[in-house]
Amino acid sequence: MVDVPALLARVPRDLQVGGEWRPAADGRTLEVTNPATGQTLARVADAGPVDGDAALAAAAAAQESWAATAPRARSEILRSAYELLIERTEDLATLMTLEMGKPLVQARGEVAYAAEFFRWFAEESVRIRGSFTVAPAGGSRLLTMRQPVGPCLLITPWNFPLAMGTRKLGPALAAGCTTVVKPAAETPLTMHALVGLLEEVGVPGGVVNLVTTSRAGEVMEPLIRDPRARKLTFTGSTAVGRTLVEQSARQLLRVSMELGGNAPFVVFDDADLDVAVESCLAAKMRNIGEACTAANRIYAHSSVAAPFAQRLAQRMRALRVGDGLDEGVEVGPLITAAAADRVRGLITSALSGGARLLCGDEPVPEVGHFVAPTVLVDVPRDAALVREEIFGPVAAIQSFDDEDEVIGLANATEHGLASYVCTRDLARALRVAERLDHGMVGVNTGVVSDPAAPFGGVKASGFGREGGAEGIEEYVETKYVAIPS
């Protein structure tokens, strides 16, 4: 059992700039609260534009020496960070549950997932290859080399505060890039702990700079427009992503965006319903439904829709709701009261449009931002619940009759991040996967994320890939050198 007061006392509260922990220049702080209780956990430094500029200056100053650091040395630092993350699983999991609300068992899973990005990119850092060849016409040699893109701006979300940090920091550090990290204001403590851990394992001052702020636009827009920055990576909403891409255009920054989703989950008539239900539960309820990969629109073939919905409702109704720190809790609170109100509003709107409730009226704790796990059937095609990303524990089920119809429904969204297919027919699985206009497809599984695989979407879900062999490509440039014979 983790001593929570002692844990919170160990977590840095200041900004990290150039290897120094320091308060915000204007002395401002922001409050971090527990969404399960509403209680204040801590106050951390609230950076302003002056602090952001100092952080980017530190990253720019450290870039040349970090890029010149031997790949093996960078690799060993990341490997040490991986090992220390695993060693501190309970502390980091508890911290995430306190500030974000996810059940402790899921928070432990996130620590393991987050740590794997450091291990994966520790291995990739020594495999950044160039090429050497004779020009086709002869007379010269063609040499290519891969070099770090330069100082990177990393903006991470609140829903996976550790994994989204390591998923960006891992390849950046492996490639030889320095960084300025801005975590979400709702969940800064996890990033503070992570940056402190990186300092412990030997990341030099100025390589990882941390600015927590409630004034994101004031702090980050000048940095995005600053010629010292060479890359921007963001995980968050499509609306904010569009704004950031526009801001990045003047400096022609390298940009990677992991944005919103509206994932379809398709259950065909030949699906194993036991597998389909468990896969759907995983895709829907991971992180309390607050995940861009969450199953948002669930389509079940008309011949299996009723039994599938009943089984899913039975499983959802049995989930235990409460404070994520309590043993056995499977569904924690949503991140804010506004988030919970929005999800409840989507449910109410769907019901008024003709949807039926199979579960979701069970009592939940009165204190905290809780929404009962909910299953709705006969959801209208035009319901807001279907058009918008739910980001909560609500399964909206619709039926379909044939393959072409459901593919049309699945692709009828501006988003294209994750999608899911349940079928026992391999040919159908491959055929449908090819036709789905989404960056990732899970077949008979509700979990697609893997550090060794490229994570990312198409259309309004963004561009660029994180993880896999492709992940480090976002942080390197190709240089060509001509050598006469």
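Here's a quick rundown of the structure. (Residues numbered from 1 in each chain as written. Predicted model: local features only at pLDDT ≥ 70, side-chain atom pairs only at ≥ 80, totals over all residues. Heavy atoms only, no water.)

As for unusual backbone geometry
At N287, a position not held by glycine, the phi torsion is positive, near 60°. Looking at the element boundaries, N287 is found in the loop between α10 (273-285) and β13 (295-301). The class for N287 is buried, based on a relative accessible area of 0%. Although it is not a glycine, N444 adopts a positive phi angle of roughly 55°. Note on placement: N444 falls in the loop between β18 (440-443) and β19 (462-463). (Helix = DSSP H or I, 4+ residues; strand = E, 2+ residues; numbered from the N terminus. Buried < 20%, exposed > 50% of the residue type's maximum accessible area, 1.4 Å probe, protein only.)

As for the sheet that holds strand β16 (residues 394-400)
The seven strands lie next to each other as β14-β15-β16-β13-β12-β17-β18, forming an open sheet whose pairing is mixed. The outermost strands of the open sheet, each flanked by one partner alone, are β14 (356-359) and β18. On average, each strand axis in the sheet is tilted by 25° relative to the strand beside it, whichever way the strands run. Where β14 meets strand β15 (residues 374-377), three bridges bridge the pair, whose relative direction is antiparallel. Residue pairing across strands places R356 opposite V377, the latter belonging to β15. Strands in contact with helix α11 (residues 305-317) are β12 (263-267), β13, β14, β15 and β16; relative to β14, the strand with the most contacts, it is inclined by about 50°. (Pairing = 2+ DSSP bridges. Axes fitted to C-alpha atoms, helices over the stretch in contact; angles between N-to-C directions. Contact = heavy atoms within 4.5 Å.)

Digging into the packing of aromatic side chains
Within this structure, the stated rule accounts for four aromatic pairs. With a centroid separation of 5.7 Å and 85° between ring planes, the pair formed by W158 and F391 is classed as edge-to-face. Within this pair, whereas W158 is found in the loop between β7 (152-155) and α6 (163-175), its partner F391 is found in the loop between α13 (384-387) and β16, the two being separated by 233 residues in sequence. One Lys or Arg, R167, reaches over the ring of F455 and ends 4.0 Å from the middle of that ring. One residue, K231, lies across the ring of Y475, its end atom 5.0 Å from the ring centre. (Phe/Tyr/Trp six-rings, centres within 6.5 Å; stacked < 30°, edge-to-face > 60°. Lys NZ or Arg CZ within 6 Å of the ring centre and 35° of its normal.)

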